[in-house]
Amino acid sequence: MTVMEQRGAYRPTPPPAWQPRTDPAPLLPDPEPYRVLGTEAAARTDPELLLTLHAQLVRGRRYNAQATALTKQGRLAVYPSSTGQEACQVAAALALQERDWLFPSYRDTLAVVARGVDPVQALTLLRGDWHTGYDPYEHRVAPLSTPLATQLPHAVGLAHAARLKGDDVVALAMVGDGGTSEGDFHEALNFAAVWQAPVVFLVQNNGFAISVPLAKQTAAPSLAHKAVGYGMPGRLVDGNDAVAVHQVLADAVRHARAGGGPTLVEAVTYRIDAHTNADDATRYRGDTEVEAWRAHDPIMLLERELTGRGLLDEDGIRAVREDAEALAADLRARMNQDPVLDPMDLFAHVYAEPTPQLLEQRAQLSAELEAEREGAQ
Amino acid sequence: MTVMEQRGAYRPTPPPAWQPRTDPAPLLPDPEPYRVLGTEAAARTDPELLLTLHAQLVRGRRYNAQATALTKQGRLAVYPSSTGQEACQVAAALALQERDWLFPSYRDTLAVVARGVDPVQALTLLRGDWHTGYDPYEHRVAPLSTPLATQLPHAVGLAHAARLKGDDVVALAMVGDGGTSEGDFHEALNFAAVWQAPVVFLVQNNGFAISVPLAKQTAAPSLAHKAVGYGMPGRLVDGNDAVAVHQVLADAVRHARAGGGPTLVEAVTYRIDAHTNADDATRYRGDTEVEAWRAHDPIMLLERELTGRGLLDEDGIRAVREDAEALAADLRARMNQDPVLDPMDLFAHVYAEPTPQLLEQRAQLSAELEAEREGAQ
Amino acid sequence: MTTVALKPATMAQALTRALRDAMAADPAVHVLGEDVGKLGGVFRVTDGLAKEFGEDRCTDTPLAEAGILGAAVGMAMYGLRPVVEMQFDAFAYPAFEQLVSHVSRMRNRTRGAIPLPITVRVPYGGGIGGVEHHSDSSEAYYMATPGLHVVTPATVADAYGLLRAAIASDDPVVFLEPKRLYWSKESWNPEEPPAVEPIGRAVVRRSGRSATLITYGPSVTVCLEAAEAARAEGWDLEVVDLRSLVPFDDETVCASVRRTGRAVVVHESGSFGGPGGEIAARVTERCFHHLEAPVLRVAGFDVPYPPPMLERHHLPGVDRILDAVGRLQWEAES
Amino acid sequence: MTTVALKPATMAQALTRALRDAMAADPAVHVLGEDVGKLGGVFRVTDGLAKEFGEDRCTDTPLAEAGILGAAVGMAMYGLRPVVEMQFDAFAYPAFEQLVSHVSRMRNRTRGAIPLPITVRVPYGGGIGGVEHHSDSSEAYYMATPGLHVVTPATVADAYGLLRAAIASDDPVVFLEPKRLYWSKESWNPEEPPAVEPIGRAVVRRSGRSATLITYGPSVTVCLEAAEAARAEGWDLEVVDLRSLVPFDDETVCASVRRTGRAVVVHESGSFGGPGGEIAARVTERCFHHLEAPVLRVAGFDVPYPPPMLERHHLPGVDRILDAVGRLQWEAES
Ligand SMILES: Cc1ncc(C[n+]2csc(CCOP(=O)(O)OP(=O)(O)O)c2C)c(N)n1
Ligand SMILES: Cc1ncc(C[n+]2csc(CCOP(=O)(O)OP(=O)(O)O)c2C)c(N)n1
Ligand SMILES: [Mg+2]
Ligand SMILES: [Mg+2]
């Protein structure tokens, strides 16, 4: 049986044989975002996981702050901070097995780092020395994708290919609320559902696409409600509840791994910082809203749980902070070194072998640099 | 209040203030396609409407047959027949007021003709003498759109513009089941919902996109289920029940006119003929399926109702057929005349004023034609 | 005669002013795009328009470029004059099908019944340290698409004059805004903005006798610098700013080349299949016997636009232009 | 020596055979697109592949070109070699962003870590009586996109040889199939299909001394006809079939032009911003002092592709080519 034949079919037939293919009810999200922290279910969560999540959240926040500082020092071209969204970032990375793939969007540097990519290499794009700083195959992390939603069909294709080869690989693809409006979002989700590809789509709904609020982006009851239109389950989760996000994603990954097909997860969160260091958020939103969300801070929510259950004390928090400081110090130190660049790299990877035309251009640049060097002497 | 401000907002706020924007329940289609013919509701329908629909269906079927015959005689480059789908075609045209706009897809010549466009002009594209044969403003019918789903955002923009100007205009846009997979479908529906534009989207789900059956096109419970993901109502209707399609579309048009925003209607139907005269349908489907659908023929369904209620007898049917024959005869006669073409038209409408570059090229062609004429003498 | 208080204005401000004046003059003009409302666009070109004209006239759309341009087509069909902002060059690609299959062809398709007076504003080009997808020069794609006008200003005054003309045009115009000139300044009289420029006329920015530099958009200032530097080498270079790639002003360009007998085309866009090939070819077709040397091209390399730290090696600069001028077979002279 | 039974094969059949042989040789080769399965594609080029290799190797996709190409990117990232079919030239436009922003750049973006061995098959060109959107020549767009190879066969043997090479290439190849040559025939030995052709080599299809016709794809046969007809005028024309637009075979082309001293570029694509500009410019740069006349271009007009009943006026035909040859300043000779 081919992958293609596995699907049941929505195959309209004339009455009385008519039957819709799937029962839509289980595909619809609950109207309330799923939460764990602050509920009774929290008590049943694995302490180890809580501590790991916590340490990563704190590291993540520190990383965001450090990277933003580096933009001010001219060490990064630009930085889109995910402060406030660390729970989504970290949970996305931790929900995957090593053999799985992560497809991040441009704001998801933290998820990339949480998956194991070197923190400096993760910033190469934003530093401006090359377009991607890490080998995607090393940690199975696709390049940070700048054109919004375009990475989603890649995730589908990769997961589909893995399945065809009989490999046990799930792809998790990240996109913003704004990105869901793009045609590529639609096409990717449709392909994933038709192919029953092992993909999990994580929408970080942080309320804004740069300055455009969600209300101008969609009129849907929730973004998770889009899932039923593709025939996949949609899940709505509190994106600031790291435990809840992790659980929902891990479930979706398991479901995909077991051959159950894709899931669309909407994590409701908030972008605390401006869009990037270059953005002026006061033009389009007020402080009250930001403050309301600060009161629902992902780190705070988790610390409350951990300290309440006696799993973490002042010392523990201090240790985690020190670890995060060490990360920041290392980042600072290494980012303050000028990268060594070879202009000839312009021609090195356009094709497997440069075309005759590129060879000519390479020779030209080479001669120019030679002349420059001679002139400088 | 601007149009933009009218919308309620799905604006996630941190708990406990969280609230999804709309109740999704009323947006979901019924699991059974809506039907009138063969149900008790049929008795309550307006006899006048039934007779008009019937006459148009019969004309439509005859038109399809005649156009297909013209391809064999080399009088049309190609013809995508809508035989079996006449109920959708006719209802789409009749559901609109004169001031409204129709945005047809490439298969929808019948709808265009039913709206009042000259039957020969409607075939200009397929005849090959120009890309559009009618003035779109005369009957408010956009050009037949060949690139699938690309006409949907046009319908949204036009309806939105009309609303901004305070005009009472609804746009009805048609697309196939295959076309729903395109990114433009997604973007158009999203814009329509966010703008609350007065648009009705009619998907004719005829089971195939050329050779590709619906099961390879979507895994959704139904295509109408896509609506909830945009925050608009989705309606499922028996596309061979002309009365039901007309009713659902007329309701959606009324809803849009009243400021209620867009609706997605999926009409379940079947393409009885091959994709076009150039297609070989035996490669991808069997006769049994076609026969099952022939037993659910839109004309037959309507005739059964009309004759059952004594609204139509043999004479009445004969009169309708004669009218259809007259249409076909006129079509035949006029399509058998060679159109008179002016090659200089190549340059006439590329821009309001031809560029200097086009003037040069026009002069070149003109000289060539002159030489040709001289050579011929 | 009253004394006029000249004030400095940036190109971005000139564009804003053009939009504002156009919107004030004609209620059919509507602006739409991502972040064009409250934010005023990421380059602030639409700053203040939503406030002044309301969000129905200057509208933040969902994030979907094909949807934006597709909706603009429908709006234009209903008599509006949409001005669409694409946030960056590479983010116009999702709208490519709408642009090529509809925007450029609708008038022709309908024998003139549906003209589409749409202006598509596209910030383009590099030199601003932008990360990948933020520095493309995509004019070759638009030039190869019949039915579009392709216009690009190089001065603050032209930014105003050409954008007004683009919006007033009954045909679709791809209006390419050189990103790195957004902050370039000129002094102007705010009471009386510059004239509306007819689309399709090149202008000689600097007269010279030795050779012609044919250029446009962001490369105009570079060519003017090169022309200054060339004086030291004894070359007196003429600089032609095309301003409009479609229609193309053969007359002005060829008149210059016939005078100088030598030409170099300069642009940021890649060389292979780029605008320079067309320009060199048509100049050669028309001025063959006036040419002392082949028309040369100085362009970006045929590589994906490089990361910020390497872009200076990619962009055509003064030295590379002078090198090319030096290769114009001056031996023939002596 | 055994006698070989030659059999006629059409270009479409040669392409099918190339796909089949590539799939048989390498399980990583997957075909995907609209209607490529049971139907075998609207031009029947994938006929029988789904049956022979299963629907997982030759897959009917949903109707969404960006999705198809985007999925192919992911499949290639996982080690497959996708061969994507775009149903018609104009229906490749929805995939333009995926092509330009990802397919062409992924290798460069990742310093070679992610090569994308994807073949994008695009039936192109006119002359088959196709209605709007079914006859575009879109090669200018692809040529202007660094990172892509652009290949187009003009003979049945090349259709096989070049498609095999495209699929074997570790770089993305836009493989342009001239629609009106699908039914052209050659005789070949089915036991031993033609050789795999290296990408990037032009070939002289007809030797001549008077002038060179530089062409490719659907225009090659027209040029050969023109060359025959030119004999009556006393011209002995050389015809160069480029076969590959990227990389470009400067060597073969320039060698020919240096021999003949005159050249005309012929293609269906529009002239302005089309391939001919690039070709004329680069030939002139390299062969200036060998040229007796400017390199001329014979191309489609700069208009949206015309409806079937008018296309013969648009397409470059024998007469138009001979006219151009006549304008190559033969007076200089006498
Ligand atoms: C195709 C495309 N269009 C436009 C942009 C410019 N842009 C960058 S980020 C952004 C907003 C993204 O919003 P969202 O998807 O909600 O992600 P967030 O920034 O909130 O993480 C825009 C419009 C882009 N990167 N890609
Ligand atoms: C963008 C685009 N891609 C591909 C095609 C080629 N094509 C023409 S009709 C068709 C199938 C359409 O199926 P559907 O939308 O279900 O409409 P139907 O033919 O059933 O009326 C295809 C793939 C096209 N016209 N436009
Ligand atoms: Mg967002
Ligand atoms: Mg269909």
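Description of the structure in this document.

Criteria and cut-off values
Residues numbered from 1 in each chain as written. Chains lettered and ligands numbered in written order. Predicted model: local features only at pLDDT ≥ 70, side-chain atom pairs only at ≥ 80, totals over all residues. Heavy atoms only, no water. Helix = DSSP H or I, 4+ residues; strand = E, 2+ residues; numbered from the N terminus. Rg over C-alpha atoms; globule rule 2.2 N^0.38 Å. Buried < 20%, exposed > 50% of the residue type's maximum accessible area, 1.4 Å probe, protein only. Contact = heavy atoms within 4.5 Å. Areas by Shrake-Rupley, 256 points an atom, 1.4 Å probe, with all protein chains shown as cover. Core = buried A, V, L, I, M, F, W, Y, C linked by side-chain atoms within 4.5 Å. Near = heavy atom within 4 Å. Polar contact = N/O pair within 3.5 Å; in protein donor to acceptor, adjacent residues only side chain to side chain. Donors = N, O, S within 2.8 Å, 3.2 Å for Na, K, Ca; no water. Buried area = accessible area lost by both parts, 1.4 Å probe. Salt bridge = Lys/Arg side-chain N within 4 Å of Asp/Glu carboxyl O. Pairing = 2+ DSSP bridges. Axes fitted to C-alpha atoms, helices over the stretch in contact; angles between N-to-C directions.

1. Some words on the overall build of chain A
Here is step 1 of the chain: When you go through chain A residue by residue, the secondary structure sums to 13 helices and 7 strands.
Here is step 2 of the chain: Scaling as 2.2 N^0.38, a compact globule of 377 residues should have a C-alpha radius of gyration of about 21 Å, and chain A matches this with 23 Å.
Here is step 3 of the chain: Dimensions of chain A, computed from C-alpha atoms along their principal axes, come out at roughly 85 × 60 × 40 Å.
Here is step 4 of the chain: For chain A, the residues scored as buried account for 63% of the 377 residues in total.
Here is step 5 of the chain: For chain A, contacts bridging at least 24 residues in sequence account for 75% of all contacts bridging at least 6.
Here is step 6 of the chain: Approximately 13,000 Å² of chain A is accessible, and the part contributed by carbon and sulfur atoms is 50%.

2. Here we look at the nonpolar core
Here is step 1 of the chain: Counting residues in each nonpolar core, the largest one holds 280 residues, and the members touching the most others are Phe-201 of chain A, Phe-201 of chain B, Met-77 of chain C together with Met-77 and Leu-242 of chain D.
Here is step 2 of the chain: Apart from the residues lying within four places of it in its own chain, the contact partners of Leu-242 of chain D are Arg-201, Ala-202, Ile-214, Thr-215, Tyr-216, Phe-248, Val-253 and Ile-279 of chain D.

3. Here we look at the site of ligand 1
Here is step 1 of the chain: In the vicinity of ligand 1, 21 residues are found, and the nearest of them are Tyr-106, Arg-107, Asp-177 and Asn-206 of chain A together with Glu-65 of chain C.
Here is step 2 of the chain: Near ligand 1, the surrounding residues are drawn from chains A, C and D.
Here is step 3 of the chain: The separation between an oxygen atom of ligand 1 and a polar main-chain atom of Gly-179 of chain A is 2.9 Å.
Here is step 4 of the chain: One of the side-chain N or O atoms of Glu-65 of chain C is found 2.6 Å from a nitrogen atom in ligand 1.
Here is step 5 of the chain: In the complex, the protein chains occlude 96% of the 580 Å² of accessible area that ligand 1 would expose alone.

4. A word on the coordination of the magnesium ion (ligand 4)
All names here are of chain B.
Here is step 1 of the chain: Around the magnesium ion (ligand 4), the protein supplies Asp-177 (OD), Asn-206 (OD1) and Phe-208 (O) as donor atoms, at distances of 1.9 to 2.1 Å.
Here is step 2 of the chain: Positions of the donor residues of the magnesium ion (ligand 4) along the chain correspond to the pattern D-x28-N-x1-F. Both residues of the pair, Asn-206 and Phe-208, count as buried.

5. Considering helix H10 (residues 298-308) of chain A
Residue and element names in this part refer to chain A.
Here is step 1 of the chain: Of all the residues in H10, the buried ones are Pro-298, Ile-299, Leu-301, Leu-302, Glu-303, Glu-305 and Leu-306.
Here is step 2 of the chain: Contacts from the buried residues of H10 go to helix H1 (47-72), helix H2 (86-94), helix H8 (242-257) and helix H11 (314-335).
Here is step 3 of the chain: A side-chain oxygen of the first residue of H10 lies 3.0 Å from the backbone nitrogen of Ile-299; this N-cap is Asp-297.

6. Brief notes about the interface of chain A and chain B
Here is step 1 of the chain: Facing the 56 residues of chain A at the interface are 56 residues of chain B.
Here is step 2 of the chain: Roughly 4,500 Å² is buried in total at the junction of chain A and chain B, and carbon and sulfur atoms are behind 60% of that figure.
Here is step 3 of the chain: The interface formed by chain A and chain B includes 0 salt bridges.
Here is step 4 of the chain: Applying the counting rule to chain A against chain B returns 10 residue pairs in polar contact (both at pLDDT 80 or more).

7. So, the interface of chain C and chain B
Here is step 1 of the chain: Chain C puts 45 residues into the contact, and the matching count from chain B is 45 residues.
Here is step 2 of the chain: For the chain C face of the interface with chain B, the top three residues by lost area are Met-77, Tyr-78 and Arg-111 of chain C, together amounting to 21%.
Here is step 3 of the chain: For Arg-111 of chain C, the salt bridge goes to Asp-345 of chain B, with nearest N and O atoms at 2.9 Å.
Here is step 4 of the chain: Taken together, the connections running from chain C to chain B amount to 20 residue pairs in polar contact (both at pLDDT 80 or more).
Here is step 5 of the chain: When contributions to the side of chain C that touches chain B are tallied by element, the ones reaching two or more residues are strand S2 (29-33), helix H3 (65-77), helix H4 (96-103), helix H5 (106-109) and helix H10 (275-287) of chain C.

8. A few points about the sheet that holds strand S1 (residues 101-103) of chain A
Residue and element names in this part refer to chain A.
Here is step 1 of the chain: Spatially, 5 strands are ordered S1-S2-S3-S7-S6 in an open sheet, and the strand pairing comes out parallel. The two strands at the open ends of the sheet, each matched to only one other strand, are S1 and strand S6 (234-238). Adjacent strand axes in the sheet meet at a mean angle of 20° when their direction is disregarded.

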